[in-house]
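Working through the structure, step by step
So you can see what is in the structure, the chains are spelled out below.
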Amino acid sequence: MADGDPGRRDSETRAIVPWTVGQIGIALFLFVAVLFAAAFIARAIGPIYPKYEPALETWIAVHLLAAGIALLVWFMGVRQSPFPLRALGLIRPTASLPWSALLTLAALGFSMLATFFYGLIVESLDLEALRPPEIRTDAIFPGIGFLLTFQALAVVTPLSEEVLFRGFVLRGLLGRIGAGPAIVSTALVFSALHLDAGTIIPIFFTGLALGWLNVKTGSLWPCIAAHAGQNAIALLAVRGGL
């Protein structure tokens, strides 16, 4: 299990995480601009290959957004830290590896169950506006090209989003407002910035699970693994139905 008490961990986090709440706010504001810029550029390039236009747009947008996140996180605070990887939580879990694996599966299971039950409730109440969007089949490259889509959505997206939200935002808040408020605040931002009414509630619960996992393990890697697992399962489910 994770060692040390929360107060001591918060003090240690604050000592190696130099970015402020103000810098987090600026970074999130710029993230929205990067999000729209990535989508605009991807739509400009996609028509070059009409046959695979939606899939190509998705792949390009994911990688442009990941590059933008890396630059934002670096320039808005991480470069000021004497231990950049440690500041983001890109370290070995403080919990034992078997316990970290169990916690990762618990977070993944909670997130998937929350998403499943949310979908059932929305469908039973016929709340069309709140229905979670499905992955478009035309956004997936066919054949062996599926590996490119998988790489983008189940590898690059989880890595980049976890670096921003659990690595930069959550860890920037932990030592300043405490674990509970930091987890909830980060989950709210995480869900709101997905910019879709149908995903706000389920992604909020996913954000809670991932934030809890980060605090319990002291590492970003279990969060990346759980996030990647959920994206991979969703992607493979759609792929299997093609």
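To keep things clear, this report deals only with the structure shown in the data block. Residue indices follow the written sequence of each chain, beginning from 1 at its first position. For this predicted model, a pLDDT threshold of at least 70 governs which residues receive local features, and a threshold of 80 or more governs which side-chain atom pairs are given and counted, while totals over whole chains, interfaces and linings are taken from all residues. As a convention, hydrogens and water are excluded, and side-chain values are obtained from all of the structure's heavy atoms.

The subject of this paragraph is the environment of Leu 28. Per the convention used, a helix needs a DSSP run of H or I reaching at least four residues, while a strand needs a run of E reaching at least two, with both numbered from the N terminus. Here Leu 28 is to be found in helix α2 (residues 21-45). Think of it in three bands: with a 1.4 Å probe and only protein chains considered, a residue is buried below 20% of the maximum accessible area for its type, exposed above 50%, and partly exposed in between. Classification of Leu 28 as buried rests on a relative accessible area of 13%. Put simply, Leu 28 and Thr 94 are 66 residues apart on the chain and 28 Å apart in space, counted from C-alpha to C-alpha. Apart from the residues within four sequence positions on either side, Leu 28 is in contact with Phe 165, Val 169, Val 189 and Leu 193. The contact criterion used throughout is that any non-hydrogen atoms of two residues lie within 4.5 Å.

What follows is about the packing of aromatic side chains. Stacked, tilted and edge-to-face are the three classes applied to pairs of Phe, Tyr and Trp rings, where Trp contributes its six-membered ring and a pair requires centres within 6.5 Å; stacked means planes under 30 degrees apart, edge-to-face means over 60, and tilted covers the rest. This model, assessed by the stated rule, comprises eight aromatic pairs. Judged by centre distance (5.0 Å) and plane angle (65 degrees), the ring pair of Phe 165 and Phe 190 falls under edge-to-face. You can see Phe 165 sitting in helix α6 (residues 146-177) and its partner Phe 190 sitting in helix α7 (residues 179-192), a full 25 residues away along the chain. For the pair Phe 165 and Phe 190, a shared accessibility class is recorded, and that class is buried. Taken together, the ring pairs connect Phe 31, Phe 165 and Phe 190 into an aromatic cluster. In this scheme, the term charge over a ring applies when either NZ of a lysine or CZ of an arginine sits within 6 Å of the ring centre and within 35 degrees of the ring normal. Its guanidinium or amino end placed over the ring of Phe 190, Arg 166 lies 4.2 Å from that ring's centre, counting from NZ or CZ.

Turning our eyes to something else, we now look at the pattern of salt bridges. Whenever Lys or Arg places a side-chain nitrogen within 4 Å of a carboxyl oxygen from Asp or Glu, that contact is recorded as a salt bridge. This structure, assessed with the given rule, holds three salt bridges. As a salt-bridge pair, Arg 131 and Glu 128 come within 3.0 Å of each other at their nearest N and O atoms. Using a relative accessible area of 29% as the deciding quantity, one classes Arg 131 as partly exposed. Overall, the relative accessible area of 51% leaves Glu 128 in the exposed class. Note that Arg 166 is salt-bridged to Glu 162, the shortest N-O span being 2.7 Å. Here the residue Arg 166 and the residue Glu 162 both occupy positions in helix α6, the gap between them amounting to four residues, near one helical turn. Each member of the pair, Arg 166 as well as Glu 162, is classed as buried.

A few words now on the nonpolar core. One finds Trp 19, Phe 31, Val 73, Leu 88 and Phe 168 to be the most contacted residues of the largest nonpolar core, which totals 41 residues. Where this core is concerned, the elements lending two or more residues are α2, α3 (53-75), α4 (84-88), α5 (97-124), α6, α7, α8 (200-217) and α9 (221-240). In terms of residue count, α6 provides more of this core than any other element does, eight residues in total. When residues no more than four places from it in sequence are discounted, the contact partners of Phe 168 are Trp 19, Gln 23, Ile 24, Ala 27, Val 73, Met 76, Gly 77, Val 78, Leu 88 and Val 163. If you look at the next biggest cluster of nonpolar residues, it comprises nine residues, including Phe 146, Val 156, Leu 235 and Val 238. Definition used in this section: a nonpolar core is a set of buried Ala, Val, Leu, Ile, Met, Phe, Trp, Tyr and Cys residues joined via side-chain atoms within 4.5 Å.

This part is about α2. Helix length check: α2 (25 residues) gives 36 Å between terminal C-alpha atoms against 36 Å at 1.5 Å per residue, within 8%. Looking at the buried side of α2, the elements it contacts are α3, α6 and α7. Expected helix span is taken as 1.5 Å per residue step, with the number of steps being one fewer than the number of residues.

Remember, this is a structural readout, not a statement about activity or role.
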